[in-house]
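Below are the chains, spelled out letter by letter.
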Amino acid sequence: MAKDKVFIFDTTLRDGEQVPGCKLNTKEKLELALQLENLGVDIIEAGFPISSPGDFDSVSQIAKAIKNATVCGLSRAVQKDIETAAQALKDAAKPRIHTGIGTSDYHIKSKFNSTREDILQRAVQCVKWARNYTDDVEFYAEDAGRTDNDYLAKVVEAVIAAGATVVNIPDTTGYCLPYQYGEKIAYLVNNVPNIDKAVISCHCHNDLGLATANSITGVIAGARQIECTINGLGERAGNTSLEEVVMIIKQHKHLGYYTDIKTDQLNPMSRMVSDTMRMPVQPNKAIVGSNAFSHSSGIHQDGFLKNALTYEIINPEEVGADSSKIVLTARSGRSALAYRFQKLGFQFDRNDIDELYTHFLLVADRKKEVEDADLVSLAQQHQTTTATV
Ligand code: KIV
Ligand code: ZN
């Protein structure tokens, strides 16, 4: 089956950096951008140039340094924003201006005190302004997740006619259920006559924990770009997590998609973002959490030791993680204990392990996790007792 490429648009340096406490200076942004390029992302959203002189500088430096990926700058549907983004991107090998406006009635009425007709004109106008500077213009319909599909289709048709080459359909508030987001993308595919002239992009927020599911459903419905961040960082509950969508696409090859991400760099990239942004990764985070490849209950450990595939769908090496861990707790079993003793160089037979297991459980009930030092002392005590009997 011919495979379709899904473009990975990384917005760690823009939507991710909006998180309180995660602000980066230019040097940090540049280092992360270079590493994102090595990871294989197609588009790096480097920042929002009009927002501050520091961010303008970051986008300019990244535009100069990045050679293979497209470098993108955000703007509102405001001429000055677009000029400033174009100025910041002027040295980019592949510049993209990302411009747009809110299209839901919440935005039209409450934020802009305007009408659907006026917003449609402003949407068209901002794309035309951006096209004066680059052929690669992405339009975002902010709060598309809560925008009426019929009106959204009219806006999308008009901005493509005005020159948008990518149409971003953000679920800005993380409101949609996967089937609703999928139906929205399918509606655009079926009802926008010029949709074949643009790539549809998914930009999902995680307020209900559905950002990854929504993005994948969007791709299945016809989108070919996913906007995401490393570790799922982003406003409020975050954005779609890059490592999750990339591994879903890789794991489920039968869907017929691929990305150009070098998956063995996912864990090093995650650590670099976490350290630079001073934002720890939750231990149970898929793909990059410290527990993502740890097994602690006896039933799982026994199955895993017989065949890793029993309890692991991803080989940790494939995502650049440390090898799988057998963690010893009061819920662990004899096979895990024997395995860990063996790793420490102790060879015990079944009877030894039965005896050692009783002592192990006493230690395990006192401690959260039994460590190598505890095992060594258990083994030594056991060897002394059996030698003197
Ligand atoms: O969530 C959103 O709608 C955005 C846009 C500015 C693209 O981040
Ligand atoms: Zn966003």
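Residues numbered from 1 in each chain as written. Chains lettered and ligands numbered in written order. Predicted model: local features only at pLDDT ≥ 70, side-chain atom pairs only at ≥ 80, totals over all residues. Heavy atoms only, no water.

Quick notes on the pattern of salt bridges
- Here the structure, examined in full by the defined rule, presents 28 salt bridges.
- As a salt-bridge pair, Asp91 and Lys90 come within 3.4 Å of each other at their nearest N and O atoms.
- According to the relative accessible area criterion, Lys90 is exposed, its value standing at 54%.
- Between Lys285 and Glu244 there is a salt bridge, and its shortest N-O distance comes to 2.6 Å. (Salt bridge = Lys/Arg side-chain N within 4 Å of Asp/Glu carboxyl O. Buried < 20%, exposed > 50% of the residue type's maximum accessible area, 1.4 Å probe, protein only.)

A closer look at helix α2 (residues 53-65)
- Compared with an ideal rise of 1.5 Å per residue, which puts 13 residues at 18 Å, α2 spans 18 Å between its outermost C-alpha atoms and is within 8% of the ideal.
- Every buried residue of α2 is listed here: Asp55, Ser58, Val59, Ser60, Ile62 and Ala63.
- Looking at the buried residues of α2, the elements they touch are α1 (26-39), β3 (43-47), β4 (70-76) and α3 (79-88). (Helix = DSSP H or I, 4+ residues; strand = E, 2+ residues; numbered from the N terminus. Expected span 1.5 Å × (residues − 1). Contact = heavy atoms within 4.5 Å.)

A word on the site of ligand 1
- In the vicinity of ligand 1, the contacting residues are Arg14, Asp15, His98, Tyr140, Glu142, Asn168, Pro170, Thr172, His203 and His205.
- Contacts to ligand 1 include Asp15, whose side-chain N or O atom sits 3.1 Å from an oxygen atom.
- Within the side chain of His205, one N or O atom sits 3.0 Å away from an oxygen atom of ligand 1.
- Within the residue set of the shell around ligand 1, elements represented by two or more residues are β6 (137-142) and β7 (166-171).
- For the shell around ligand 1, the residue count by class is two nonpolar, five polar and three charged. (Near = heavy atom within 4 Å. Polar contact = N/O pair within 3.5 Å; in protein donor to acceptor, adjacent residues only side chain to side chain. Nonpolar A, V, L, I, M, F, W, Y, C, P; charged D, E, K, R; others polar.)

Focus: the domain arrangement of the protein chain
- The assigned domain composition of the protein chain is domain 1 (4-277) and domain 2 (294-388).
- Inter-centroid distance (C-alpha atoms) of domain 1 to domain 2 is 46 Å.
- In this assembly, nine residues from domain 1 lie in contact with seven residues from domain 2.
- With both chains or domains summed, domain 1 and domain 2 bury close to 600 Å², and 46% of this area falls on carbon and sulfur atoms.
- Interface area lost by domain 1 to domain 2 is led by Met247, Gln251 and Asn267, which between them contribute 60%.
- As a salt-bridge pair, Lys250 and Glu318 come within 3.2 Å of each other at their nearest N and O atoms.
- Viewed at the interface, domain 2 and domain 1 are joined by five residue pairs in polar contact (both at pLDDT 80 or more). (Domains from an automatic or database assignment. Buried area = accessible area lost by both parts, 1.4 Å probe.)

Observations regarding the environment of Val281
- Residue position: Val281 is located in the loop between α10 (266-277) and β11 (294-295).
- As for Val281 and Asn231, which are separated by 50 residues in sequence, their C-alpha atoms are 6.9 Å apart.
- Apart from the residues lying within four places of it in its own chain, the contact partners of Val281 are Asn231, Ser270, Ser274, Val288 and Gly289.

Brief notes about the packing of aromatic side chains
- Going through the model one piece at a time under the given rule, you end up with four aromatic pairs.
- Judged by centre distance (5.8 Å) and plane angle (25°), the rings of Tyr357 and Phe360 are stacked. Note that Tyr357 and Phe360 are positioned in helix α13 (residues 350-366) at a spacing of three residues, about one turn of the helix. There is no split in this pair, since Tyr357 and Phe360 are both buried.
- Here the aromatic residues Phe341, Phe346 and Phe348 are joined through ring pairs into a cluster of three or more.
- Residue placement shows Arg122 over the ring face of Phe112; its charged tip is 5.2 Å from the ring centre.
- The residue whose ring lies beneath Arg146 is Tyr106, and the NZ or CZ to ring-centre distance is 4.0 Å. (Phe/Tyr/Trp six-rings, centres within 6.5 Å; stacked < 30°, edge-to-face > 60°. Lys NZ or Arg CZ within 6 Å of the ring centre and 35° of its normal.)

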